[in-house]
Amino acid sequence: MYAKFHSIGAFVPSKILSNEDLEKMVDTSDEWILKRTGIKERRIADDDEVTSDMATKASNIAIKRAGLNKEDIDLIVCATVTPDYFNMPSTACVVADKIGIKNVQAFDISAACSGFVYALSVAKAFIESGMKKHVLIIGAEKFSSIVDYTDRATCILFGDGAGAAVISATDNKDEAIIDVHASADGSYADFLVTPAPGSVHPVSQKVIDEGLNFVQMKGNETFKLAVKTLTKDVKDILAENNIESKDIPHFVPHQANYRIIKAVGDALKMTEEQVVVTVGKYGNTSAASIPMAINDIYESGRLKRGELMLLDTFGGGLTWASALLPFAGDSFKE
Ligand code: ACO
């Protein structure tokens with residue numbers, strides 16, 4: 001039994017936060033943000049629009065595009081670091097309820113920006129072992145809920161959104177996900193951290209006074225490590241599977257910073273047509289970034305059935321992951 005990437009869906013909040021809006025909030029400029037990150041604007045969820053709402057909308061689209069009924073889904077894995085609730089229930093359980101699936105295994109994955117590709121590796125393993133047939137994997141983030149909008153180093157980077165995919169069993173090897181790499185090095189944990197709430201810093205007045213509930217990042221150090229690690233990881237996955245970068249029509253990197261995307265794309269000798277870039281309009285949406293980018297090329301008609309995708313990502317933990325797979329769904333026709 002093999003696992004195939006059966007369908008994709010995404011939800012993008014309607015509210016736009018532009019660089020010009022940020023100029024009025026912190027000491028920054030459109031020019032600086034564009035030059036250093038490639039970001040022009042990002043989407044921000046409404047106050048009453050939570051992570052599970054965005055995840056549910058993306059999931060319903062993905063299930064419909066797979067031609068399945070919601071009851072066919074036998075596992076839900078939601079990747080998020082901005083869950084509805086930090087302890088319990090998991091966002092995957094909330095999404096199961098909002099979709100209307102009563103009897104399903106459901107859990108969250110915490111791997112920051114690498115979460116969606118981590119979820120893909122879990123779905124692949126569950127399907128190849130014969131335990132599940134149709135796994136709904138989600139990357140969803142309301143990152144604006146952990147961003148300090150007085151910190152110019154982080155608030156310019158992040159946005160909200162969700163993407164989802166159905167990974168299904170198949171006996172056709174041509175449709176199968178070829179390979180997934182997923183790895184971590186916890187010794188760099190302090191590069192990207194949201195110190196509270198958690199057992200280290202339970203909620204207290206100190207947490208609020210010191211803003212420990214907001215994301216903190218060693219941007220420059222993260223940047224350098226991201227370029228080095230990602231370049232090695234994608235080169236390795238291509239070499240191990242005897243595939244050359246010129247044979248990949250869609251390189252879908254994590255959308256954190258255009259300079260990182262460009263550096264890795266150049267190292268792989270990719271052309272502009274091969275590299276998918278959405279960071280300019282969505283910013284960094286963490287675990288949602290890759291499925292949102294796949295959905296973008298799908299809905300624009302660029303991604304066709306059978307075409308190869310190379311995914312790669314890097315995030316808090318530190319975690320990183322890559323995947324090599326054909327798109328095994330129907331081409332877009334809505
Ligand atoms: N506007 C204007 N100036 C700024 C801003 C801003 N928004 N932010 C920082 N600066 C200043 C700094 O204060 C610094 O000034 P100084 O030289 O006087 O000290 C200068 O700009 C340079 O700062 P750096 O941090 O060195 O800038 P850099 O070129 O590294 O860009 C950035 C910063 C965009 C954050 C970059 O480092 C980056 O993208 N890092 C990687 C992010 C990433 O990939 N994260 C992983 C995924 S996220 C996740 O997992 C959730």
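Structural notes, computed from the coordinates. Since the structure is predicted, the reported quantities are computational estimates derived from the model, not experimental observations. (Residues numbered from 1 in each chain as written. Predicted model: local features only at pLDDT ≥ 70, side-chain atom pairs only at ≥ 80, totals over all residues. Heavy atoms only, no water.)

**Quick look at the overall build of the chain**
- Scanning the chain from terminus to terminus reveals 11 helices and 13 strands.
- Computed over the C-alpha atoms, the radius of gyration of the chain is 19 Å, within 12% of the 20 Å expected from 2.2 N^0.38 for a compact globule of 334 residues.
- C-alpha atoms of the chain, sized along the principal axes, occupy 55 × 45 × 40 Å.
- Looking at the 334 residues of the chain, the share that counts as buried comes to 57%.
- Excluding contacts between residues fewer than 6 apart, the proportion of contacts in the chain whose partners are at least 24 apart in sequence is 77%.
- Side chains of the chain carry 35 positive and 46 negative charges; the gap between the two charge centres is 2 Å. (Helix = DSSP H or I, 4+ residues; strand = E, 2+ residues; numbered from the N terminus. Rg over C-alpha atoms; globule rule 2.2 N^0.38 Å. Buried < 20%, exposed > 50% of the residue type's maximum accessible area, 1.4 Å probe, protein only. Contact = heavy atoms within 4.5 Å. Lys, Arg positive; Asp, Glu negative; His and termini not counted. Charge placed at Lys NZ, Arg CZ, Asp CG, Glu CD.)

**Considering unusual backbone geometry**
- The omega torsion across A196 and P197 is 0°, close enough to zero to call that bond cis.
- Relative to the elements of secondary structure, P197 occurs in the loop between β9 (192–193) and α7 (205–209).
- The phi dihedral of N242 is positive, around 55°, even though this residue is not glycine.
- The phi torsion at K269 lies on the positive side, around 60°, for a residue other than glycine.
- Looking at where K269 falls in the secondary structure, it is placed in the loop between α9 (258–267) and α10 (279–282).

**Here we look at the site of the ligand**
- As a structural note, the neighbourhood of the ligand is formed by 28 residues, with T28, R36, C113, N220 and N257 the closest of them.
- R36 is positioned such that a nitrogen or oxygen atom in its side chain is 2.8 Å from an oxygen atom of the ligand.
- Note that an oxygen atom of the ligand is positioned 2.9 Å from one of the backbone N or O atoms of G316.
- Burial of the ligand by the surrounding chains reaches 75%, relative to a free accessible area of 1000 Å².
- Those elements that place two or more of their residues in the shell around the ligand are α2 (30–37), α6 (152–155), α8 (219–240), α9 and β12 (308–315). (Near = heavy atom within 4 Å. Polar contact = N/O pair within 3.5 Å; in protein donor to acceptor, adjacent residues only side chain to side chain. Areas by Shrake-Rupley, 256 points an atom, 1.4 Å probe, with all protein chains shown as cover.)

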